[in-house]
Amino acid sequence: MGKKLPAVIMVHEWWGINDNIRSMASTLARQCFVVLAADLFRGQSANDQNQATQLVKTASSNSQQSISNLQAAVNYVSSLPFVDSSKIASIGWCFGGGQSLQLALHSEQHPLVATILYYGTPLVTDKQELSKIKWPVLGIFGDKDQAIPLSNIQQFKTALDSISISNEIHIYKGLGHAFANPSGANYAPNETVDAWQKTLAFLKKNTG
């Protein structure tokens, strides 16, 4: 058998598993990562904000189930014979960014090597909670994000620094929430390309 590959658990936005997430999974897989796009909405997806809000509310009302599903995703990819089980990372956007962070906070049984969140909500800033993370964190944000005030992003960065968690927090000026989603009104193509290059560099650095 050839060299084992690192793996990434990918978590969707509040829209659920859609064409954008499938495309991102395929794009990342072409960079020699095994990618599992976790479905926290049980096969459902949304086409409008009302549907999306309801799906997030349902998932958030049973947060332990979402965490258990993400842990199961980690365990599954770890069991694959072609995956290096010591090199598993997570990435998510919006709702999925928050879930990527939650997975990091509940990975005692199987530590990760990297956590990535694109404008993840909700954003945890409590130092005691964040101290559970023992690996690098990459955060991608816009300073005009109405869902995550700039002060919260700064608190997140300060908290990580204060407990010596290696991190890269990139804040793009003038951009709002979900700026990396090509189908959204806030889409910023140039910044999205830059953020993705930073994401790949971060992943490759931390997965060897």
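The preceding data block contains the structure.
What you are looking at is a predicted structure, and each value in this text was computed from that prediction instead of being measured.

What follows is about the layout of surface pockets. Reported here for the largest pocket is a volume of approximately 580 Å³. Forming the walls of the largest pocket are 22 residues, and the residues nearest its centre are Trp14, Cys94, Phe95, Thr121 and His177. Elements with a minimum of two residues in the lining of the largest pocket: α2 (49-61), α3 (63-79) and α4 (95-105). Here the lining of the largest pocket is composed, by residue class, of nine nonpolar, 12 polar and one charged.

Locating His12 in the fold gives a position in the loop between β1 (5-11) and α1 (19-29). There is a polar contact of 3.0 Å between the side chain of His12 and the backbone nitrogen of Leu40. What His12 contacts, discounting residues up to four positions off in sequence, is Ile17, Ile21, Ala38, Asp39, Leu40, Phe41, Trp93, Phe95 and Gly96.

So, about unusual backbone geometry. Here the residue pair Thr121 and Pro122 is connected by a cis peptide bond, since its omega of -5° sits within 30 degrees of zero. As for its position among the elements, Pro122 is in the loop between β4 (114-118) and α5 (127-130). If you check the backbone angles, Arg42 has positive phi at about 55° while not being a glycine. The exposure class assigned to Arg42 is exposed, which follows from its relative accessible area of 61%. Even without being glycine, Ser164 reaches a positive phi, approximately 60°. Tracing the chain through its elements places Ser164 in the loop between α6 (150-162) and β6 (167-172).

Okay, the pairing of β4 next. Of all the five residues making up β4, five are buried; the element is thus mostly covered by neighbouring parts of the structure. Side-chain alternation along β4 places Ala114, Ile116 and Tyr118 on one buried face and Thr115 and Leu117 on a second face that is also buried. When strand β3 (residues 83-93) meets β4, the two strands line up parallel, connected through five bridges. Each bridged residue has a counterpart across the sheet, and for Ala89 the counterpart in β4 is Ala114. Note on the crossover from β3 through α4 to β4: the handedness is right-handed. Across four bridges, β4 lies against strand β5 (residues 137-142) in parallel orientation. Paired with Leu117 across the two strands is Gly139, which belongs to β5.

Reading guide: rules and limits
Residues numbered from 1 in each chain as written. Predicted model: local features only at pLDDT ≥ 70, side-chain atom pairs only at ≥ 80, totals over all residues. Heavy atoms only, no water. 1 Å grid on protein atoms, 1.4 Å probe; cavity = no way out; pocket = protein on both sides within 12 Å on 5 of 7 lines; lining within 4 Å. Points joined across faces, edges and corners; volume = space filled by probe spheres on them. Helix = DSSP H or I, 4+ residues; strand = E, 2+ residues; numbered from the N terminus. Nonpolar A, V, L, I, M, F, W, Y, C, P; charged D, E, K, R; others polar. Polar contact = N/O pair within 3.5 Å; in protein donor to acceptor, adjacent residues only side chain to side chain. Contact = heavy atoms within 4.5 Å. Buried < 20%, exposed > 50% of the residue type's maximum accessible area, 1.4 Å probe, protein only. Pairing = 2+ DSSP bridges. Right-handed = clockwise from strand over helix to strand, strands pointing away.

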